[in-house]
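Topology and contacts: notes
Residue-level listing of the chains:
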Amino acid sequence: MIGSMDHALLFALRAEEEAPPEAKDVVAGGWGLALFIGLIVVVALLLWSFARHIRKARLAAEAGVFGEDTRTAARDADTTDADTTDADTTGDDTSGDDATPTGTGTTSS
């Protein structure tokens, strides 16, 4: 037990003797530069690969590999919704009631 206390005391005394390094002495050095350049290369390769995969996916979608062209289906749905909305808001209501168009916030009088 006494031996471990002696080691702890010696370690504490030695830690006090050694002063921390000056700010100008602490630098990243060559390893820091190599790591930084390596990270730049890795990010550039990831972006290049991402661009290639997006291009392939776009070409495959245009070729119909994924089934029905979802952009065309969405466009058709938007056109159908727009036609329905236009008929509702123009006041060409053939149902016979005096309701106002949706979204105006007023009531009929």
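Fair warning: this is a prediction, and the values are worked out from it, not measured in the lab. (Residues numbered from 1 in each chain as written. Predicted model: local features only at pLDDT ≥ 70, side-chain atom pairs only at ≥ 80, totals over all residues. Heavy atoms only, no water.)

1. A few points about a nonpolar patch on the surface
On the surface, a cluster of nonpolar side chains totalling about 730 Å² of accessible area is made up of L33, F36, I37, I40, V41, L45 and W48. As for its position among the elements, V41 is in helix α2 (residues 29-63). Under the relative-accessibility criterion, V41 is labelled partly exposed at 45%. (Patch = residues over 30% accessible without salt bridge, like charges linked within 9 Å, V, L, I, M, F, W, Y side chains within 5 Å. Areas by Shrake-Rupley, 256 points an atom, 1.4 Å probe, with all protein chains shown as cover. Salt bridge = Lys/Arg side-chain N within 4 Å of Asp/Glu carboxyl O. Helix = DSSP H or I, 4+ residues; strand = E, 2+ residues; numbered from the N terminus. Buried < 20%, exposed > 50% of the residue type's maximum accessible area, 1.4 Å probe, protein only.)

2. Observations concerning the pattern of salt bridges
The tally for this structure, following the rule as stated, stands at one salt bridge. For D25, the salt bridge goes to K24, with nearest N and O atoms at 3.9 Å. Among the residues examined, D25 registers a relative accessible area of 48% and is labelled partly exposed.

3. Notes on a positive patch on the surface
A cluster of basic residues, R52, R55, K56 and R58, forms a positive patch on the protein surface. With respect to the helices, strands and loops of the structure, R52 is situated in helix α2. (Lys, Arg positive; Asp, Glu negative; His and termini not counted. Charge placed at Lys NZ, Arg CZ, Asp CG, Glu CD.)

4. Some details on the confidence of the model for the protein chain
Should the pLDDT be low somewhere, the predicted coordinates at that spot are not to be read in detail. In the predicted model, the protein chain carries a mean pLDDT of 76, and 56% of its residues have values of at least 70. Looking over the protein chain, one finds the lowest element-wise mean pLDDT in helix α3 (residues 70-89), namely 62, and the highest in α2, namely 96. (pLDDT = per-residue confidence, 0-100.)

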